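Topology and contacts: notes
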Amino acid sequence: MSSAILVVGGGFAGLTAAIEAAELGHDVYIVEKTPFLGGRVAQLNKYFPKLCPPSCGLEIQFQRIRNNPRIKFFTLAEVTALSGSKGNYTVQVTLQPRHTAAHAVDLGFFASGLEGEAVNDFDFGLSTRKPLYKSAPFAFPSRYVLDPKSLTAADKAKAASCKFINLNEEARTIELQVGAIVVATGWKPYDVTNLSNLGAGTVKNCITNMQMERLASPYGPTAGKLVRPSDHVAPRRVCFVQCAGSRDQNHLNYCSYICCMASIKQCFYVVEALPDAHCDIFYIDLRAPGRYIKTLDKAKASGKVSFIKGKVANVEQIEGDRVRVQAEDAVRGEKLTLDYDLVVLATGMQPSLSKENCPLPLPLDEEGFVMGGEEAGIFAAGCAVMPLDVTRSAQTGTAAALKAVQTVEGR
């Protein structure tokens with residue numbers, strides 16, 4: 001029986017689970033498919049409950065990982081096969097090449113001299129990046145990663161001459177022996193191109209709530225300046241469309257839990273940065289659980305945020321790169337046609353395992369959330385289970401870690 005524990009996913013829930021299990025005396029392996037740990041939290045400008053930047057909470061977690069020799073992590077890695085049973089699993093992990101030296105070399109100057117460009121997925125398409133990059137200044141591990149597909153011919157020649165870059169590095173496979181598994185695979189934003197009536201992908205200044213986080217971030221595409229993507233002009237009227245794809249039988253059939261609070265938080269981004277701006281939030285129902293009711297009350301009392309109960313039916317482009325919104329006011333029984341400088345869609349949270357081929361024996365519901373697996377020594381945490389905020393994700397990470405520890409200890 002192995003006393004080691006595997007954590008699949010390096011977001012906040014996964015990091016919490018790994019640290020808790022390691023500090024109880026067990027070897028832990030973290031497998032993360034992206035080049036850096038931190039998950040969705042790393043892409044936020046601020047997160048609840050303290051509204052601090054992601055570097056604040058993540059740096060503490062990263063430091064605990066650095067200082068704990070029981071934790072080993074693998075980035076650009078995915079579980080590709082699993083054999084064995086509870087207490088004695090053999091896990092096959094495939095690692096994609098990073099193409100850079102195995103220590104933290106500052107390759108920023110070298111990267112800036114490369115010609116190639118690629119769409120920056122970390123900024124959700126709002127910017128481009130160089131072929132050699134880090135996602136953020138606080139990225140962990142603090143190692144650059146090279147995307148060979150983005151290199152020009154001239155770039156390849158430069159890279160070949162750099163002693164800290166290995167263009168010939170290839171993917172490799174390793175095997176890990178573990179007794180229990182924590183699945184913290186997180187979530188992905190719902191594909192807004194499915195929401196054609198809401199302007200997704202066709203209207204210039206119609207963005208998602210996660211794109212709004214990147215616009216507000218000091219490490220984002222505009223260095224934290226809240227401007228419209230089309231012309232970099234500061235918006236004066238901003239519309240937030242709630243339940244964009246959520247609570248809809250044609251898309252996501254559930255409430256994504258955090259969207260109301262995310263939009264209210266982003267209204268504060270706007271009005272604090274742009275004193276002359278005003279925000280409208282169109283909603284079906286407002287969800288502000290527990291302590292978050294104070295944030296909702298603060299927004300209502302600000303005079304800068306209006307709440308309109310009603311669904312948005314259509315979003316379209318009009319002259320001057322403005323956006324026209326057609327909606328209902330369910331309280332007054334009126335149809336509204338209003339023009340805005342910027343529209344933000346509160347897109348739903350979809351589990352990352354949805355429509356993915358997962359090698360783990362996990363029972364999933366029709367939406368892709370994990371519904372069990374504990375009898376096999378596999379425990380789900382965070383948004384792999386349901387839509388959650390950061391605090392509750394961390395709590396589920398702790399709970400999953402304790403169950404995994406009890407499993408490998410034979411309890």
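Nothing here was measured: the structure is a model prediction, and the numbers come from that model.

So, how was this worked out
- Residues numbered from 1 in each chain as written.
- Predicted model: local features only at pLDDT ≥ 70, side-chain atom pairs only at ≥ 80, totals over all residues.
- Heavy atoms only, no water.
- Pairing = 2+ DSSP bridges.
- Helix = DSSP H or I, 4+ residues; strand = E, 2+ residues; numbered from the N terminus.
- Axes fitted to C-alpha atoms, helices over the stretch in contact; angles between N-to-C directions.
- Buried < 20%, exposed > 50% of the residue type's maximum accessible area, 1.4 Å probe, protein only.
- Contact = heavy atoms within 4.5 Å.

Let us look at the sheet that holds strand 4 (residues 77–85). Strand order across the open sheet formed by 3 strands is 4-5-10, with antiparallel pairing between neighbours. A strand with exactly one partner marks an edge of an open sheet, and here the two such strands are strand 4 and strand 10 (172–178). Going from strand to strand, the sheet's axes swing by 20° on average, the running direction of each strand aside. Judged from the 8 bridges that link them, strand 4 and strand 5 (residues 88–95) form a sheet pairing that is antiparallel. Looking at the pairing, Glu 78 lines up with Thr 94 of strand 5.

In the segment running from Phe 48 into Pro 49, the intervening peptide bond is cis, with an omega of 5°. In this structure, Pro 141 follows Phe 140 across a cis peptide bond, with omega equal to 5°. For Pro 141, the location among the structural elements is in the loop between strand 8 (132–133) and strand 9 (145–146). Even without being glycine, Leu 76 reaches a positive phi, approximately 50°. Phi at Ala 223 takes a positive value of approximately 55°, unusual for a residue other than glycine. Assignment of secondary structure puts Ala 223 in the loop between helix 5 (209–216) and strand 14 (237–244). Of the residues examined, Ala 223 reaches a relative accessible area of 54% and is grouped as exposed.

This part covers helix 5. Across the 8 residues of helix 5, 8 count as buried, placing the element largely inside the fold. All of the buried residues along helix 5 are Asn 209, Met 210, Gln 211, Met 212, Glu 213, Arg 214, Leu 215 and Ala 216. Those residues of helix 5 that are buried lie in contact with strand 12 (187–189), strand 13 (206–208), strand 14, helix 6 (259–273) and strand 20 (342–347).

On to the sheet that holds strand 16 (residues 305–309). In spatial order, the strands read 13-20-14-15-16; together these 5 strands make up an open sheet with parallel pairing. Edge positions in the sheet fall to strand 13 and strand 16, since each has one partner strand and no second. Neighbour-to-neighbour, the strand axes of this sheet turn through a mean angle of 25°, independent of strand direction. Across 5 bridges, strand 14 lies against strand 15 (residues 278–283) in parallel orientation. Bridge assignment links Val 238 to a residue of strand 15, and that residue is Cys 279.

Here we take up the environment of Met 386. Positionally, Met 386 belongs in the loop between strand 22 (378–380) and helix 8 (390–408). Taking the C-alpha atoms as reference points, Met 386 and Gly 186, 200 residues apart in sequence, are found 9.2 Å from one another. When neighbours within four sequence positions are excluded, Met 386 is seen to be in contact with Phe 369 and Arg 392.

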